[in-house]
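Chain by chain, the residues:
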Amino acid sequence: MKCTLCPRKCGADRESNMTGVCGVPAEPVVARAGLHMWEEPVISGTRGAGTVFFSGCPLKCVFCQNYEISTGGFGKRITVGRLREIFHELIDAGAHNIDLVNPTHFTLPILQALEGEKLPVPVIWNSGGYESPESLRLLENKVDMFLPDMKY
């Protein structure tokens with residue numbers, strides 16, 4: 001599969017471990033997952049957002065607040081099944097929502113992890129706002145809130 005998930009449409013064959021502009025393979029690479037109290041208060045609430053920070057990024061903004069995660073190669077490769085487990089672990093820990101940070105380049109495995117039962121909390125797509133219309137259409141009825149952090 002040639003990657004066309006973000007507007008760069010770099011065409012990397014990420015399933016054969018070729019990394020595109022985003023710098024990551026096809027399977028999710030997660031730098032951190034946990035309750036996060038430092039997001040917007042309406043998202044963090046009193047118990048925290050169930051935040052999953054994804055590694056890599058097609059934007060490479062030098063002023064990114066998560067620059068080390070998005071460009072430094074941090075994180076661990078996980079399976080779609082493990083990603084689904086993480087969502088449920090965060091919910092069990094009291095998360096008000098599942099907050100997917102910098103998820104664009106992992107759209108397909110995230111959709112696989114969200115297949116089946118609807119999660120009992122909202123799903124937030126917390127991105128740089130650099131999505132293609134095609135990718136956004138794939139997210140219909142899967143994501144409850146879009147939180148684009150647009151800089152340009």
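Please read all numbers here as calculations on a predicted model, not as lab measurements.

Visitor: Looking at this structure, I do not really get the side chain of S55. What am I missing?
Guide: Checked against the element boundaries, S55 lands in the loop between β2 (49-54) and α2 (67-71). By relative accessible area, S55 is classed as buried at 2%. At 2.3 Å, the side chain of S55 forms a polar contact with the backbone oxygen of F74. Residue contacts for S55: discarding those within four places in its chain leaves V24, V29, V30, A31, I69, F74, G75, H105 and F106.

Visitor: What is the right way to read the pairing of strand β1 (residues 29-36) from this model?
Guide: The side chains of a regular strand alternate between both faces of the sheet. As judged from the two bridges shared by β1 and strand β3 (residues 76-77), these two strands associate in the antiparallel manner. The residue bridging V30 from the neighbouring strand is K76, located in β3. Bridge analysis of β1 against β2 gives six bridges, and the strand direction is antiparallel. Residue pairing in the sheet places G34 in a bridge with T51 of β2.

Visitor: What exactly am I supposed to notice about the environment of A12 here?
Guide: Inspection of the secondary structure puts A12 in the segment before β1. Spatially, the C-alpha atom of A12 lies 10.0 Å from that of V24, the residues being 12 residues apart in sequence. Once you skip the residues sitting within four places of it in the chain, A12 turns out to touch M1, K2, C3, M18, T19 and G20.

Visitor: Is there a simple way to think about empty space enclosed by the protein in this case?
Guide: Picture a little ball the size of a water molecule; that probe, rolled over the atoms, points out where space is still empty. With the rule as written, the count across this model stands at one cavity of 30 Å³ or more. In this model, the largest cavity occupies a volume close to 80 Å³. Around the largest cavity, the lining residues are C3, T4, L5, C6, R8, K9, C10, V21, C22, P58 and H105. Partitioning the lining of the largest cavity into residue classes produces seven nonpolar, two polar and two charged.

Parameters at a glance
- Residues numbered from 1 in each chain as written.
- Predicted model: local features only at pLDDT ≥ 70, side-chain atom pairs only at ≥ 80, totals over all residues.
- Heavy atoms only, no water.
- Helix = DSSP H or I, 4+ residues; strand = E, 2+ residues; numbered from the N terminus.
- Buried < 20%, exposed > 50% of the residue type's maximum accessible area, 1.4 Å probe, protein only.
- Polar contact = N/O pair within 3.5 Å; in protein donor to acceptor, adjacent residues only side chain to side chain.
- Contact = heavy atoms within 4.5 Å.
- Pairing = 2+ DSSP bridges.
- 1 Å grid on protein atoms, 1.4 Å probe; cavity = no way out; pocket = protein on both sides within 12 Å on 5 of 7 lines; lining within 4 Å.
- Points joined across faces, edges and corners; volume = space filled by probe spheres on them.
- Nonpolar A, V, L, I, M, F, W, Y, C, P; charged D, E, K, R; others polar.

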